[in-house]
Amino acid sequence: RDWGVKADVIGSCVWTYGAGVLTISACPGSAPGILEPETVPTDTIGIIRFYPYYKHKKQIRKVIIEPGVTKIGAYAFSGMPYLEELVLPGTSTLTTVGDYAFFDTPFFSGIELDDTYDYPYGLPSTVQEIGDYAFANTDLYTFEIPKNCVSLGKGVIANTSVIQITSYTDNF
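Cut-offs used in this document
Residues numbered from 1 in each chain as written. Predicted model: local features only at pLDDT ≥ 70, side-chain atom pairs only at ≥ 80, totals over all residues. Heavy atoms only, no water. Pairing = 2+ DSSP bridges. Helix = DSSP H or I, 4+ residues; strand = E, 2+ residues; numbered from the N terminus. Salt bridge = Lys/Arg side-chain N within 4 Å of Asp/Glu carboxyl O. Buried < 20%, exposed > 50% of the residue type's maximum accessible area, 1.4 Å probe, protein only.

A. Examining the sheet that holds strand β10 (residues 129-130) more closely. An order of β4-β6-β8-β10-β12 is seen for the 5 strands of this open sheet, with the pairing classed as parallel. Looking at the sheet topology across the chains shown, the edges are occupied by β4 (33-35) and β12 (151-152). Here 3 bridges tie β4 to strand β6 (residues 69-72), and the two strands are oriented parallel to one another. Looking at β6, one finds that L35 is bridged to I72.

Rendered as structure tokens:
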């Protein structure tokens, strides 16, 4: 087990890891906070392994995205076998969830928002883009399309347990 705190910078974000929790924060003085490698390999495996916290993938149970982060890049949390939840603040600045961001995380079952937000579960209304297969092959059972979403990729919830889809937008 690796319970020590680890930290590093990726894109314009800082990540810290400890005790099963991965926290993503915007770099101080940088705007916007984009969780994406500056140089991205062309193959899928290369992209996934380019995220430096990937070496902790078997220990990560929870991901916390702090205010200031605007984009979760392609494959950011893909293939994490024990990731269960994503926590976003009620004052979220998140606008984009990239292609395959949570793809193939079999225990991922929910997105939790701070209780001061409009909706207690689901993506915040600030999200405008959800990439292809962003939540495919997960354990989600409900899915909410945020009210400001203007781009919804293909297969976003393919191979999930989703039994209820709620849309807060007229864009689809």
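On we go.
B. The arrangement of the pattern of salt bridges in detail. Applying the stated criterion to the full structure yields 1 salt bridge. Here K62 ties to E85 by a salt bridge, and the two come within 4.0 Å at their closest N and O atoms. In this pair, K62 is assigned in strand β5 (residues 62-65) and E85 in strand β7 (residues 85-88), connecting sequence segments 23 residues apart. We classify E85 as partly exposed; its relative accessible area is 22%.

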